[in-house]
Amino acid sequence: MKIALALIFLVVLSVVFHLVSPWYLTPIASNWTAIDDTISLTFWVTGLVFIAVNLFLAYVIIRYRARQGTKAAYEPENKRIEIALTVVTTLGVAAMLAPGLIVWDEVISVPEEAHVVEAIGQQWQWTFRLPGDDGQLGTVDARLVTVTNPFGINPTDANGQDDILVDSNELHLPIDQPVKVLLRSKDVLHNFAVPQFRVKMDLVPGTTTYLWFTPTRKGSFEILCEELCGLAHFTMRGRILVDSAEDYQQWLGQQPTFSQSQQVVAGNPEQGQVAYTMCAGCHGQQGEGNQTLNAPKLAGMGHWYIARQLSYYQQGIRGRHEKDIYGQQMAPMAALLAQPNAIADVSAYIQSLDSGPATDTLGGDPERGQGFYYTCGTCHGAVGQGNRGLNAPRLAGQHDWYIKRQLQNFKQGIRGKHKQDVYGVQMLLMSNILQDEQALNDITSYINTL
Ligand SMILES: [Cu+2]
């Protein structure tokens, strides 16, 4: 009897939960209403079967419960029931699967007028490539990937020269135009999913997969890597901004082509040394940092990372948050580097400075910290040396008070929260694995030993 009541309770609770729960499909922003329809249909079929089966079970338990003097009749075969159950089950399964086949046919048939965008996944970020005026993408090969050719484009292929490169996690798309997204991975399995567009597809190293959709609503939609296997895929976020046709064209015009990207001038450290004199007051003659002025060590950090931080400060992506008191001191300094090549020059000079050992001011437990560092090392390198390919800066040699403050800033959303801070957001998510003050001290103490 108790079991029967529990079953009835389960059915009622499930139905009520379904009706009042806030967790349902996000409002759709693409042409794929057919996918929603198949999901609803599956829900109805499985939902009705769930209710019917459990209520029937409860009924049978009550109706045929054990009673003094009665005995169950043994009836192993019943053709009529078997036929009826087979037919009903077949109809139910067919009702769920048949519409799915029709929708799947639409999913794999890309409309002719669709324009093409390539989305490239790597641990742990997205970049994008669009065909240039010739309408054709050049050939690529993961073996051609270098720091100056992060997309691995074949430099001898004429089709690739005018390919438009979007070296950012942010892609714009024009509204109401079908788009075919080619999916390519540089390293491991990834998964491209945008819930509001109802699209989701794996990226498989060595092959190109695809999906298509038509964005139907302007706005900003998050790209998620929904790959489960492997490390840190949840930090791999991107963004699709659906624009009017004019706004889209304007954005497109600002993106460099492959041949333009090959002409970027390298920084000049001698020019940079002159500019650095105005930084030395806080960061020290040798870029060694200064705790009383809260200025971090800069010596030996990758020029690409220094340059990115300086342009973040200039654009207000870092150092603008009202609680970022130290970043606010730095931001006006970055604004002084206004000449076209100033940032590249000063960054090249800073990289050439010699980085001394780190000081231990926090006294955490490095052994405990080492346990936490395992995940950090996948981006920042096993010995904290940094990894340009992953955009993760050098940590080894940095002052522990500065590292701790940055981790606190990330945890509190003082740093990494700005919409355009596509690399900082990875740290915003990662910093949450460090639960308390002690964990922060321990990990910084461990980084000190690197
Ligand atoms: Cu991924």
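Residues numbered from 1 in each chain as written. Predicted model: local features only at pLDDT ≥ 70, side-chain atom pairs only at ≥ 80, totals over all residues.

K.L.:
I'd like a description of the overall build of the chain, backed by residues and values.
P.N.:
The number of helices and strands found in the chain is 13 helices and 10 strands. With respect to the principal axes defined by its C-alpha atoms, the chain has extents near 100 × 60 × 40 Å. Classification of the 450 residues of the chain by burial places 31% in the buried group. Pairs at least 24 residues apart make up 70% of the contacts formed inside the chain by residues separated by at least 6 positions. (Helix = DSSP H or I, 4+ residues; strand = E, 2+ residues; numbered from the N terminus. Buried ≥ 20, exposed ≤ 12 C-beta atoms within 10 Å, placed from the backbone. Contact = placed C-beta atoms within 7 Å.)

K.L.:
Quick rundown of the sheet that holds strand E2 (residues 125-130)? Include the residues and the values.
P.N.:
Read from one edge of the open sheet, five strands run E3-E2-E1-E5-E8, paired in mixed fashion. The strands lining the two open edges of the sheet, one partner per strand, are strand E3 (164-166) and strand E8 (209-213). Between one strand and the next, the sheet's axes are offset by a mean angle of 25 degrees, whatever the strand orientation. Sheet topology places strand E5 (residues 179-185) next to E8; five bridges connect them, and they run antiparallel. Its bridge partner lying in E8, Val179 is registered against Phe213. (Pairing = 2+ DSSP bridges. Axes fitted to C-alpha atoms, helices over the stretch in contact; angles between N-to-C directions.)

K.L.:
Explain the environment of Ala119 to me, using residue names and the numbers behind them.
P.N.:
Structurally, Ala119 can be placed in strand E1 (residues 115-122). Separated by 73 residues in sequence, Ala119 and Phe192 have C-alpha atoms that sit 8.5 Å apart. Those residues in contact with Ala119 that lie beyond four places of it in its chain are Trp126, Phe128, Val181, Leu183 and Phe192.

K.L.:
Give me the lowdown on the nonpolar core, citing residues and values where you can.
P.N.:
Counting residues in hydrophobic clusters, the biggest one holds 34 residues, and the most contacted among them are Ala119, Phe128, Val181 and Ile240. Dropping the residues within four chain positions of it, Phe128 is found in contact with Val117, Glu118, Ala119, Ile120, Val166 and Leu171. Formed by 19 residues, the second largest nonpolar core is a distinct cluster that contains Ala307, Ala334, Ile343 and Leu353. (Core = buried A, V, L, I, M, F, W, Y, C linked by C-beta atoms within 7 Å.)

K.L.:
Just give me the short version of helix H11 (residues 400-412), but keep the residues and values in it.
P.N.:
Taking 1.5 Å as the rise per residue, H11 with 13 residues should run 18 Å; its terminal C-alpha atoms sit 18 Å apart, in good agreement. Where the residues of H11 are buried, they touch helix H12 (424-430) and helix H13 (437-448). Among the residues trailing H11, Gly413 stands out with phi positive, at a value near 75 degrees. (Expected span 1.5 Å × (residues − 1).)

K.L.:
Explain the environment of Ala98 to me, using residue names and the numbers behind them.
P.N.:
Tracing the sequence through the fold places Ala98 in helix H3 (residues 79-108). When the 11 C-beta atoms within 10 Å are taken as the criterion, Ala98 is described as exposed.

K.L.:
Please give an account of the packing of helix H2 (residues 33-63) against H3 that cites residues and values.
P.N.:
Remark: H2 packs on H3, axes separated minimally by 10 Å, with the N-to-C direction vectors making an angle of 170 degrees. If you check the angle between H2 and H3, you find them roughly antiparallel. Between H2, through Ala34, Ile35, Thr38, Leu41, Thr42, Val45 and Val49, and H3, the contact on the second element is made entirely by Gly92, Ala95, Met96, Pro99, Gly100, Val103 and Glu106. Broken down by class, the residue content of the contact of H2 with H3 amounts to nine nonpolar, four polar and one charged. (Parallel < 35°, antiparallel > 145°, perpendicular 65-115°, else oblique. Nonpolar A, V, L, I, M, F, W, Y, C, P; charged D, E, K, R; others polar.)

K.L.:
Please set out the domain arrangement of the chain residue by residue, giving values where relevant.
P.N.:
Taken domain by domain, the chain holds domain 1 (2-65 + 77-108), domain 2 (115-261) and domain 3 (269-448). Using C-alpha coordinates to define each centre, domain 2 is positioned 29 Å away from domain 3. Partitioned by chemical class, the residues of the side of domain 2 that touches domain 3 number five nonpolar, five polar and two charged. (Domains from an automatic or database assignment.)

K.L.:
Explain helix H8 (residues 325-335) residue by residue, including any values.
P.N.:
Here H8 has its buried residues at Gly327, Met330 and Ala334. Down the axis of H8, the buried set is contained in an arc of 65 degrees. They therefore lie on one face. Exposed and facing more than 90 degrees away from the buried side of H8 are Ile325, Pro332 and Ala335. Structurally, H8 contributes buried residues whose contacts are with helix H7 (303-315). (Arc of directions from axis to C-beta.)

K.L.:
Explain the sheet that holds strand E6 (residues 190-194) residue by residue, including any values.
P.N.:
Taking strand neighbours across the sheet as the criterion, the five strands line up as E4-E10-E9-E6-E7 in an open arrangement whose pairing is mixed. With one partner strand each, in any of the chains shown, strand E4 (170-174) and strand E7 (199-203) form the two edges of the open sheet. Mean inter-strand twist for the sheet, computed between neighbouring axes without regard to direction, equals 25 degrees. By the bridge criterion, six bridges tie strand E9 (residues 219-225) to strand E10 (residues 237-243) in an arrangement that is antiparallel. Its bridge partner being in E10, Ile223 is matched across the sheet by Gly238.

K.L.:
A description of the packing of H11 against H13 should follow, citing residues and the corresponding values.
P.N.:
Interaxial distance between H11 and H13 falls to 9 Å at its minimum, and their mutual angle equals 135 degrees. Of the possible angle classes, the one that applies to H11 and H13 is oblique. H11 and H13 meet at a crossing whose hand is right-handed. Contacts between H11 and H13 involve Asp400, Ile403, Lys404, Leu407 and Gln408 from the former and Leu440, Thr444, Ser445, Ile447 and Asn448 from the latter. Residues belonging to the contact of H11 with H13 are distributed by class as follows: four nonpolar, four polar and two charged. (Left-handed = near helix turned anticlockwise from the far one by under 90°.)

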